[in-house]
Amino acid sequence: MTETAGPTDTPLVDTHFHLYTTDMPLTSWAWHHPPEDASAEQFVDIMDRHGVGFGVVAAASLHGQYNDYVIRSLRRYPRLRATAYVRPDTDMYTLERMKAEGIVGIRLFFRRVPDPPDLSSYEYRLLLRRVRDLDWHVHTLVSGEALPGVIKAVEDAGVKLVIDHFGKPDERLGVNCPGFKALLAAVERGRTWVKMSAGFRAPSREAARSYAQALLRVSGGERLLWGSDWPFAAFEDKATYAQAVADLHDWVPDAATRRLIGGDTPMRLYFGA
(Lines give C-alpha, C1' and ligand atoms only; values in the text may rest on other atoms or scores of the structure.)
Protein backbone atom coordinates (compact mmCIF):
# COMPACT_ATOMS: atom_id res chain seq x y z
CA MET A 1 0.00 0.00 0.00
CA THR A 2 1.37 3.41 -0.96
CA GLU A 3 1.32 5.81 1.93
CA THR A 4 0.09 9.33 1.26
CA ALA A 5 1.50 12.43 2.85
CA GLY A 6 0.06 13.83 6.06
CA PRO A 7 -0.02 17.53 6.96
CA THR A 8 1.39 19.86 4.33
CA ASP A 9 3.73 21.64 6.73
CA THR A 10 6.14 18.70 7.10
CA PRO A 11 9.56 18.77 8.79
CA LEU A 12 12.56 19.63 6.66
CA VAL A 13 14.79 17.07 8.42
CA ASP A 14 14.02 13.60 9.74
CA THR A 15 16.71 13.04 12.38
CA HIS A 16 16.00 9.42 13.25
CA PHE A 17 15.42 6.48 10.92
CA HIS A 18 17.25 3.27 10.05
CA LEU A 19 18.52 1.77 6.83
CA TYR A 20 19.17 -1.94 6.42
CA THR A 21 18.57 -4.97 4.26
CA THR A 22 17.56 -8.40 5.49
CA ASP A 23 20.81 -10.00 4.31
CA MET A 24 22.99 -7.79 6.52
CA PRO A 25 24.76 -9.51 9.45
CA LEU A 26 22.97 -9.35 12.79
CA THR A 27 24.69 -9.33 16.15
CA SER A 28 24.25 -12.36 18.40
CA TRP A 29 22.19 -10.16 20.75
CA ALA A 30 19.98 -8.53 18.10
CA TRP A 31 16.57 -7.87 19.68
CA HIS A 32 14.69 -7.74 16.36
CA HIS A 33 14.95 -9.54 13.03
CA PRO A 34 13.69 -7.18 10.31
CA PRO A 35 10.97 -8.82 8.21
CA GLU A 36 11.88 -6.87 5.04
CA ASP A 37 14.39 -4.43 3.60
CA ALA A 38 14.44 -0.80 4.69
CA SER A 39 16.61 0.48 1.86
CA ALA A 40 17.97 3.92 1.13
CA GLU A 41 15.94 4.00 -2.09
CA GLN A 42 12.74 3.28 -0.20
CA PHE A 43 13.40 5.95 2.35
CA VAL A 44 14.35 8.65 -0.15
CA ASP A 45 11.07 7.92 -1.93
CA ILE A 46 9.19 8.31 1.35
CA MET A 47 11.00 11.59 2.04
CA ASP A 48 10.04 12.91 -1.36
CA ARG A 49 6.39 11.90 -1.00
CA HIS A 50 6.16 13.66 2.36
CA GLY A 51 8.16 16.75 1.45
CA VAL A 52 11.08 15.99 3.78
CA GLY A 53 14.33 17.36 2.41
CA PHE A 54 17.09 15.83 4.53
CA GLY A 55 17.64 12.83 6.77
CA VAL A 56 19.97 11.53 9.47
CA VAL A 57 20.36 7.76 9.68
CA ALA A 58 20.54 6.35 13.22
CA ALA A 59 23.03 3.50 13.55
CA ALA A 60 21.02 0.35 14.25
CA SER A 61 22.13 -1.75 17.21
CA LEU A 62 21.01 -4.86 15.30
CA HIS A 63 24.06 -4.69 13.04
CA GLY A 64 26.77 -3.59 15.44
CA GLN A 65 29.80 -2.21 13.62
CA TYR A 66 28.47 -3.04 10.16
CA ASN A 67 28.20 0.59 9.01
CA ASP A 68 29.04 -0.32 5.42
CA TYR A 69 25.57 -0.14 3.89
CA VAL A 70 24.81 3.19 5.52
CA ILE A 71 28.11 4.74 4.40
CA ARG A 72 27.54 3.59 0.83
CA SER A 73 24.08 5.17 1.00
CA LEU A 74 25.60 8.48 2.15
CA ARG A 75 27.83 8.45 -0.92
CA ARG A 76 24.79 8.08 -3.16
CA TYR A 77 22.53 10.58 -1.40
CA PRO A 78 24.24 13.81 -0.27
CA ARG A 79 21.03 14.84 1.50
CA LEU A 80 21.70 12.18 4.14
CA ARG A 81 23.95 12.12 7.20
CA ALA A 82 24.38 9.33 9.77
CA THR A 83 25.75 8.18 13.07
CA ALA A 84 27.93 5.09 13.32
CA TYR A 85 28.63 2.36 15.83
CA VAL A 86 32.40 2.09 16.39
CA ARG A 87 34.74 0.27 18.71
CA PRO A 88 36.27 2.52 21.39
CA ASP A 89 39.76 1.91 20.00
CA THR A 90 38.89 3.09 16.48
CA ASP A 91 41.79 5.27 15.34
CA MET A 92 41.46 8.93 14.37
CA TYR A 93 42.33 8.32 10.73
CA THR A 94 39.37 5.96 10.32
CA LEU A 95 37.06 8.39 12.10
CA GLU A 96 38.23 11.27 9.92
CA ARG A 97 37.49 9.25 6.79
CA MET A 98 34.03 8.45 8.14
CA LYS A 99 33.44 12.16 8.73
CA ALA A 100 34.38 12.88 5.11
CA GLU A 101 31.75 10.31 4.04
CA GLY A 102 28.96 12.05 5.99
CA ILE A 103 29.12 10.48 9.46
CA VAL A 104 28.31 13.15 12.07
CA GLY A 105 28.54 11.26 15.35
CA ILE A 106 28.78 7.94 17.15
CA ARG A 107 25.99 5.94 18.68
CA LEU A 108 26.54 4.41 22.09
CA PHE A 109 24.28 1.53 23.06
CA PHE A 110 23.34 0.97 26.69
CA ARG A 111 20.15 -1.03 26.23
CA ARG A 112 19.82 -4.67 25.16
CA VAL A 113 23.59 -5.12 24.81
CA PRO A 114 25.69 -7.65 26.74
CA ASP A 115 28.52 -5.21 27.56
CA PRO A 116 27.30 -1.60 27.80
CA PRO A 117 30.02 1.07 27.45
CA ASP A 118 31.96 2.07 30.56
CA LEU A 119 32.47 5.77 29.91
CA SER A 120 34.93 6.02 32.81
CA SER A 121 37.36 3.60 31.12
CA TYR A 122 40.44 4.89 29.33
CA GLU A 123 39.20 3.48 26.00
CA TYR A 124 35.94 5.39 26.12
CA ARG A 125 37.51 8.56 27.48
CA LEU A 126 39.86 8.40 24.49
CA LEU A 127 36.95 7.86 22.10
CA LEU A 128 35.01 10.77 23.58
CA ARG A 129 38.03 13.03 23.15
CA ARG A 130 38.25 12.06 19.50
CA VAL A 131 34.52 12.72 19.09
CA ARG A 132 35.06 16.15 20.59
CA ASP A 133 38.03 16.86 18.32
CA LEU A 134 35.91 15.95 15.27
CA ASP A 135 33.05 18.23 16.47
CA TRP A 136 30.78 15.18 16.41
CA HIS A 137 28.13 14.25 18.94
CA VAL A 138 27.25 11.19 20.98
CA HIS A 139 23.88 9.77 20.03
CA THR A 140 22.27 7.42 22.52
CA LEU A 141 19.21 6.04 24.24
CA VAL A 142 19.56 5.42 27.96
CA SER A 143 16.61 4.84 30.21
CA GLY A 144 16.15 4.64 33.95
CA GLU A 145 18.78 5.28 36.57
CA ALA A 146 21.71 5.16 34.11
CA LEU A 147 20.81 8.32 32.18
CA PRO A 148 22.10 10.95 34.69
CA GLY A 149 25.51 9.26 34.80
CA VAL A 150 25.78 9.09 31.01
CA ILE A 151 24.81 12.76 30.70
CA LYS A 152 27.48 13.74 33.22
CA ALA A 153 30.22 11.69 31.56
CA VAL A 154 29.50 13.09 28.10
CA GLU A 155 29.20 16.66 29.39
CA ASP A 156 32.46 16.32 31.35
CA ALA A 157 34.15 15.22 28.13
CA GLY A 158 32.96 18.41 26.41
CA VAL A 159 30.96 16.45 23.85
CA LYS A 160 27.51 17.25 22.44
CA LEU A 161 24.82 14.74 23.35
CA VAL A 162 21.70 13.73 21.41
CA ILE A 163 19.16 11.53 23.23
CA ASP A 164 16.54 9.48 21.37
CA HIS A 165 12.82 8.98 21.93
CA PHE A 166 12.22 11.59 24.67
CA GLY A 167 14.83 9.79 26.80
CA LYS A 168 12.38 6.89 27.21
CA PRO A 169 11.16 7.80 30.71
CA ASP A 170 10.18 5.10 33.18
CA GLU A 171 6.61 4.23 32.22
CA ARG A 172 5.47 4.21 35.86
CA LEU A 173 6.89 7.66 36.68
CA GLY A 174 6.61 9.50 33.35
CA VAL A 175 7.83 13.10 33.55
CA ASN A 176 8.69 12.56 37.22
CA CYS A 177 11.29 9.94 36.31
CA PRO A 178 14.73 11.01 37.68
CA GLY A 179 16.30 10.27 34.32
CA PHE A 180 13.82 12.50 32.52
CA LYS A 181 14.42 15.30 35.04
CA ALA A 182 18.17 14.96 34.42
CA LEU A 183 17.48 15.19 30.68
CA LEU A 184 15.49 18.42 31.13
CA ALA A 185 18.31 19.94 33.19
CA ALA A 186 20.85 18.95 30.52
CA VAL A 187 18.78 20.61 27.80
CA GLU A 188 18.77 23.81 29.85
CA ARG A 189 22.57 23.69 30.14
CA GLY A 190 22.79 23.84 26.35
CA ARG A 191 24.89 20.87 25.19
CA THR A 192 22.14 18.23 24.97
CA TRP A 193 19.52 17.77 22.26
CA VAL A 194 16.47 15.50 22.52
CA LYS A 195 14.62 13.74 19.72
CA MET A 196 10.84 13.93 19.82
CA SER A 197 10.45 10.58 18.14
CA ALA A 198 8.82 7.15 18.32
CA GLY A 199 5.69 8.26 20.12
CA PHE A 200 4.25 4.87 19.22
CA ARG A 201 6.75 3.29 21.63
CA ALA A 202 5.44 5.33 24.57
CA PRO A 203 2.88 3.69 26.88
CA SER A 204 0.15 5.94 25.42
CA ARG A 205 -0.39 8.92 23.15
CA GLU A 206 -1.07 10.99 26.26
CA ALA A 207 2.28 9.98 27.75
CA ALA A 208 4.17 11.03 24.61
CA ARG A 209 2.30 14.33 24.63
CA SER A 210 3.23 14.93 28.27
CA TYR A 211 6.93 14.32 27.51
CA ALA A 212 6.75 16.80 24.64
CA GLN A 213 5.00 19.43 26.76
CA ALA A 214 7.63 19.15 29.50
CA LEU A 215 10.45 19.55 26.96
CA LEU A 216 8.76 22.55 25.36
CA ARG A 217 8.27 24.24 28.73
CA VAL A 218 11.97 23.92 29.53
CA SER A 219 13.42 24.64 26.08
CA GLY A 220 10.90 26.78 24.25
CA GLY A 221 11.65 24.48 21.33
CA GLU A 222 15.42 25.00 21.37
CA ARG A 223 17.61 21.88 21.17
CA LEU A 224 14.68 19.68 20.22
CA LEU A 225 14.59 17.51 17.09
CA TRP A 226 12.02 15.36 15.31
CA GLY A 227 12.46 11.85 13.95
CA SER A 228 10.12 9.26 12.46
CA ASP A 229 11.93 6.08 13.63
CA TRP A 230 11.12 4.52 10.23
CA PRO A 231 10.78 1.57 9.48
CA PHE A 232 9.29 1.28 12.99
CA ALA A 233 11.15 -1.85 14.14
CA ALA A 234 8.77 -4.33 15.81
CA PHE A 235 5.89 -1.98 14.94
CA GLU A 236 6.14 -2.31 11.15
CA ASP A 237 2.44 -3.08 10.75
CA LYS A 238 1.22 -0.57 13.34
CA ALA A 239 3.01 2.75 12.65
CA THR A 240 3.15 4.91 9.51
CA TYR A 241 5.26 7.80 8.34
CA ALA A 242 2.20 10.02 7.96
CA GLN A 243 1.31 9.36 11.60
CA ALA A 244 4.86 10.25 12.69
CA VAL A 245 4.49 13.61 10.96
CA ALA A 246 1.02 14.08 12.45
CA ASP A 247 2.44 13.35 15.91
CA LEU A 248 4.78 16.33 15.61
CA HIS A 249 1.79 18.56 14.90
CA ASP A 250 0.01 17.12 17.92
CA TRP A 251 3.00 17.61 20.22
CA VAL A 252 3.92 21.07 18.89
CA PRO A 253 0.83 23.06 17.84
CA ASP A 254 2.78 26.25 17.09
CA ALA A 255 3.99 26.35 13.47
CA ALA A 256 7.05 28.53 14.18
CA THR A 257 8.23 26.15 16.90
CA ARG A 258 7.71 23.18 14.57
CA ARG A 259 9.89 24.87 11.96
CA LEU A 260 12.60 25.32 14.59
CA ILE A 261 12.41 21.68 15.67
CA GLY A 262 11.94 20.20 12.21
CA GLY A 263 14.24 22.49 10.26
CA ASP A 264 16.48 25.19 11.76
CA THR A 265 17.93 23.22 14.66
CA PRO A 266 18.72 19.95 12.83
CA MET A 267 20.15 21.81 9.84
CA ARG A 268 22.63 23.57 12.15
CA LEU A 269 23.45 20.48 14.17
CA TYR A 270 23.85 17.95 11.37
CA PHE A 271 24.44 19.91 8.17
CA GLY A 272 26.29 23.01 9.41
CA ALA A 273 23.69 25.29 7.84
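Source: prediction; values computed, not measured. (Residues numbered from 1 in each chain as written. Predicted model: local features only at pLDDT ≥ 70, side-chain atom pairs only at ≥ 80, totals over all residues. Heavy atoms only, no water.)

A.B. asks: Can you tell me about the pairing of strand β4 (residues 103-109), naming the residues and giving the values?
C.D. replies: The element β4 is extensively covered by neighbouring structure, given that seven of its seven residues are classed as buried. Taken together, the three bridges between strand β3 (residues 80-84) and β4 define a ladder with parallel strand orientation. Across the sheet, Thr 83 pairs through a bridge with Gly 105, a residue of β4. Where β4 meets strand β5 (residues 137-141), five bridges bridge the pair, whose relative direction is parallel. What sits directly across from Leu 108, in β5, is Thr 140. For the handedness criterion, the β-α-β arrangement of β4, helix α4 (residues 122-133) and β5 is classed as right-handed. (Buried < 20%, exposed > 50% of the residue type's maximum accessible area, 1.4 Å probe, protein only. Helix = DSSP H or I, 4+ residues; strand = E, 2+ residues; numbered from the N terminus. Pairing = 2+ DSSP bridges. Right-handed = clockwise from strand over helix to strand, strands pointing away.)

A.B. asks: Describe the sheet that holds strand β1 (residues 13-17), with residues and values.
C.D. replies: Strand order in the open sheet made by the eight strands is β1-β2-β3-β4-β5-β6-β7-β8, with parallel pairing throughout. Each end of this open sheet is capped by a strand with a single partner; those strands are β1 and β8 (224-227). The sheet shows a mean angle of 25° between the axes of neighbouring strands, taken without regard to direction. In the packing of helix α5 (residues 146-156) onto the sheet, the strands contacted are β5, β6 (160-163) and β7 (192-197), and the crossing angle to β6 comes to about 150°. (Axes fitted to C-alpha atoms, helices over the stretch in contact; angles between N-to-C directions. Contact = heavy atoms within 4.5 Å.)

A.B. asks: Let's hear about the UniProt feature "domain: Amidohydrolase-related" (unreviewed entry) in the protein: which residues, and what values?
C.D. replies: In this structure's numbering, the residues bearing the UniProt feature "domain: Amidohydrolase-related" (unreviewed entry) are residues 13-271. As annotated, residues 13-271 comprises 42% helix and 15% strand, and the C-alpha atoms at either end are separated by 10 Å. (UniProt positions renumbered as here; feature names shortened; annotations may be inferred.)

A.B. asks: Kindly report on empty space enclosed by the protein, identifying the contributing residues and their values.
C.D. replies: Across all of its chains, the model carries one cavity of 30 Å³ or more by this definition. Quantified by volume, the largest cavity comes out at close to 90 Å³. In terms of lining, the largest cavity is formed by 13 residues, of which the most central are Ala 59, Ala 60, Tyr 66, Asn 67 and Val 70. Along the lines of polarity and charge, the residues of the lining of the largest cavity split into eight nonpolar, five polar and no charged. (1 Å grid on protein atoms, 1.4 Å probe; cavity = no way out; pocket = protein on both sides within 12 Å on 5 of 7 lines; lining within 4 Å. Points joined across faces, edges and corners; volume = space filled by probe spheres on them. Nonpolar A, V, L, I, M, F, W, Y, C, P; charged D, E, K, R; others polar.)

A.B. asks: So what's going on with the environment of Val 13? Which residues, and what values?
C.D. replies: With respect to the helices and strands, Val 13 occurs in strand β1. A relative accessible area of 0% means that Val 13 is categorised as buried. In the structure, Val 13 is positioned 90 residues away from Ile 103 in sequence and 16 Å away in space, judged by C-alpha atoms. Not counting residues up to four positions away in its chain, the partners in contact with Val 13 are Val 52, Phe 54, Val 56, Trp 226, Gly 262, Gly 263, Pro 266, Met 267 and Phe 271.

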